[in-house]
Amino acid sequence: MFWIFLLGMVCPTLHFAVFMKHGSNKNKVIRSLNWGYFITSTLSFLMLVFYFNISTSTDREVENLSSIESFWIVFLLSRCFEIFYAFLRDALDKISDKDSGNRSEYPRIAKLINLTLDTKLFCHYKRNIKSAFGFIGKVKSKLLSGLPGSELVNGAKLKNHDRLVLSFRSYFELVINFSIIYSLLPGIFWKGGGSLNIIEAMYFSGVTITTLGYGDISPENWFSQFLSVFEVLCGFSLIVVCLAIYLKDEK
């Protein structure tokens, strides 16, 4: 499970979002991705409810975690990290009166790439490399314009009201994402040795993110314990920190 944790920490969905926003309407991309991930999580949850056996099984071992389930956990964990990072950074930008719309992502890495391309080793291939990046940008633009309902997505600047809507939608997405992760974990990750079905996992996720903590379901492994603590931090950052800042009057 340690490699799953590391891949989730790398947060590939965050890098994908940065790539999609570069050279595009950032506000439209943010709204599109927020809706897309929320719909994907909701459909995944409904699929687990209606198409899989939701009865509790107690014979699942760590080795029985398939590659599809591992990839699924990595994707969901990455998305949870992305939500936590993106909203917390946006809230900090609001406090410091920075315009997050004009923020340059990874400025040091971009500077390092430009310096590398200017070296003698890559100077002969610089034009070809830039052409490749230009081709990728064109493919990305066509992808954004070809998404279903893309013409309905508002590309205007995000206001506090818009940020509140995004944060609430992401909050419910966090509950769903963590519940799916909990349901995929084997029984040894929980006290009593029984794995959670999707309904129990949703209940535990809701109880955890709202900090109720009834204790009827308890994690018993470092990975599940970390997830429950991290879910509390994600919920706290969205509800307490972000709402307190976003509810301020517009300047």
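Residues numbered from 1 in each chain as written. Predicted model: local features only at pLDDT ≥ 70, side-chain atom pairs only at ≥ 80, totals over all residues. Heavy atoms only, no water.

### Things to note about the overall build of the chain
When its secondary structure is counted, the chain shows nine helices and zero strands. Reading the chain from its N terminus to its C terminus gives the helix and strand order α-α-α-α-α-α-α-α-α. The buried share of the chain, reckoned over its 251 residues, is 41%. Sequence-distant contacts, at least 24 apart, represent 81% of the contacts inside the chain between residues at least 6 apart. For the chain, the exposed surface amounts to about 14600 Å²; the carbon and sulfur share of it is 67%. (Helix = DSSP H or I, 4+ residues; strand = E, 2+ residues; numbered from the N terminus. Buried < 20%, exposed > 50% of the residue type's maximum accessible area, 1.4 Å probe, protein only. Contact = heavy atoms within 4.5 Å. Areas by Shrake-Rupley, 256 points an atom, 1.4 Å probe, with all protein chains shown as cover.)

### Quick word on the environment of Ala-156
In this fold, Ala-156 is placed in the loop between α6 (126-145) and α7 (160-184). For Ala-156, a relative accessible area of 36% puts it in the partly exposed group. Along the sequence, Ala-156 and Lys-26 sit 130 residues apart, while their C-alpha atoms lie 9.4 Å from each other. Not counting the four nearest positions on each side in its chain, Ala-156 is found in contact with Asn-27 and Arg-31.

### Section: the pattern of salt bridges
One pass over the full model with this rule turns up four salt bridges. Of the charged contacts in the structure, one is a salt bridge between Asp-162 and Arg-31, with a shortest N-O distance of 3.4 Å. You can see Asp-162 sitting in helix α7 and its partner Arg-31 sitting in helix α3 (residues 26-51), a full 131 residues away along the chain. Across the pair, Arg-31 and Asp-162 agree in class, each one buried. (Salt bridge = Lys/Arg side-chain N within 4 Å of Asp/Glu carboxyl O.)

### Description of α7
The terminal C-alpha atoms of α7 lie 36 Å apart, and with 25 residues this matches the ideal 36 Å at 1.5 Å per residue to within 8%. Counted residue by residue, α7 has 21 buried out of 25 residues, so it is predominantly covered. (Expected span 1.5 Å × (residues − 1).)

### Points about the packing of α7 against helix α8 (residues 198-209)
Contact pair α7 / α8: the axes reach a minimum separation of 8 Å and the direction vectors enclose 130 degrees. For the element pair α7 / α8, the angle class is oblique. In the crossing of α7 with α8, the sense of the turn from one axis to the other is right-handed. Seen from α7, the contacting residues are Tyr-171, Leu-174, Val-175, Ile-176, Phe-178, Ser-179, Ile-180, Tyr-182 and Ser-183; seen from α8, they are Ile-198, Ala-201, Met-202, Phe-204, Ser-205, Gly-206 and Ile-209. (Axes fitted to C-alpha atoms, helices over the stretch in contact; angles between N-to-C directions. Parallel < 35°, antiparallel > 145°, perpendicular 65-115°, else oblique. Left-handed = near helix turned anticlockwise from the far one by under 90°.)

### Side note on the UniProt feature "transmembrane region" (unreviewed entry) in the chain
Following the UniProt record, one finds the feature "transmembrane region" (unreviewed entry) at residues 6-23, 35-54, 171-190 and 226-247. Here residues 6-23 runs as 83% helix and 0% strand, with 29 Å between its end C-alpha atoms. (UniProt positions renumbered as here; feature names shortened; annotations may be inferred.)

### Notes on the confidence of the model for the chain
Put simply, the chain has an average pLDDT of 78, and 71% of its residues get 70 or more. The least confident element of the chain is helix α5 (residues 107-117), whose mean pLDDT is 55; the most confident is α8, at 93. When the criterion is pLDDT under 50, residues 55-59 qualifies, and its contacts beyond four places in sequence or with other chains add up to ten contacts. (pLDDT = per-residue confidence, 0-100.)

### Here's the deal with unusual backbone geometry
Its identity as a non-glycine residue notwithstanding, Cys-11 has a phi of 60 degrees, on the positive side. Topologically, Cys-11 is positioned in the loop between α1 (2-10) and α2 (12-21). Although it is not a glycine, Thr-211 sits at a positive phi angle of roughly 60 degrees. With respect to the secondary-structure elements, Thr-211 resides in the loop between α8 and α9 (222-246). You can call Thr-211 exposed: its relative accessible area is 56%.

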